[in-house]
Amino acid sequence: GDLDWATFGAGCYWGTERWFANNLETKRPGCVRATSVGFMGPEPPREGEFPTYKEVCTGRTGHVEVVQIVYDKTKCTYEELNEHLYTFHDPTTKNRQGNDHGPQYASVVFAHDESQRKTAEKVKAKVQRAIDAGEITDYAGAKVRTAVEDATVFFPAHEDHQRYLEKRPGGYCNHRQRFSWEGVKLGRM
């Protein structure tokens with residue numbers, strides 16, 4: 001069909017969800033059909049495992065705060081979703097976004113198939129080239145540290161955390177516009 005999944009970790013999932021559900025949706029109407037925040041780990045879960053927010057926040061479970069997106073492939077591409085990811089978070093900081101630090105705040109693309117993996121690696125390389133050329137300068141570091149991992153089981157967060165920043169417009173969010181792809185020449189290669 002026309003719908004597919006995408007899963008991204010980019011620090012606090014409240015802001016990540018807002019940047020996809022609201023910001024990208026204004027640029028690409030109809031692209032993002034649904035979002036859900038939750039947790040995903042790089043390893044398949046153990047039998048009966050269902051991590052809680054408090055457990056994930058300890059940093060000991062190996063799970064990352066993520067947004068899982070259902071998107072319409074006729075309205076936007078997986079590559080465009082990946083490009084958007086880099087415009088609002090800092091992929092050069094390991095396990096950190098602003099004041100949030102710990103492995104649960106890692107920058108990760110969880111690929112659902114080999115095509116997504118290749119696209120994620122391609123976009124990551126474009127961002128690195130643009131950093132190296134001085135076209136993207138609003139990151140703390142000079143090396144993209146975003147991991148590209150195979151998607152495993154998605155564990156949805158509790159309902160109060162879904163669309164959290166819509167329910168609480170003044171809620172905490174450390175994401176912000178860092179650059180626009182329109183100003184990047186080398187990254188278009």
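This one's a predicted model, so the numbers in the text were calculated from it and none came from an experiment.

Visitor: So, the nonpolar core: which residues are in play, and what are the values?
Guide: Grouped together as the largest cluster of nonpolar side chains are 41 residues, with contacts concentrated most on F8, F20, L81 and V127. Of all elements in the fold, only β1 (3–10), α1 (13–27), β2 (32–40), β3 (64–72), α3 (78–88), α4 (114–132) and α5 (164–167) reach the threshold of two or more residues within this core. When residues no more than four places from it in sequence are discounted, the contact partners of L81 are A6, F8, F20, L24, C31, Y71 and C76. Grouped together as the second largest cluster of nonpolar side chains are seven residues, V66, A106, V108 and F110 included.

Visitor: Quick rundown of the pattern of salt bridges? Include the residues and the values.
Guide: Taken as a whole and assessed by the stated rule, the structure comprises 10 salt bridges. Taking the shortest distance from any N to any O, the salt bridge between D160 and R168 comes out at 2.9 Å. On the basis of relative accessible area, D160 is assigned to the partly exposed category, the value being 35%. The salt bridge partner of E166 is R163, with a shortest N-O separation of 2.6 Å.

Cut-offs used in this document
Residues numbered from 1 in each chain as written. Predicted model: local features only at pLDDT ≥ 70, side-chain atom pairs only at ≥ 80, totals over all residues. Heavy atoms only, no water. Core = buried A, V, L, I, M, F, W, Y, C linked by side-chain atoms within 4.5 Å. Buried < 20%, exposed > 50% of the residue type's maximum accessible area, 1.4 Å probe, protein only. Helix = DSSP H or I, 4+ residues; strand = E, 2+ residues; numbered from the N terminus. Contact = heavy atoms within 4.5 Å. Salt bridge = Lys/Arg side-chain N within 4 Å of Asp/Glu carboxyl O.

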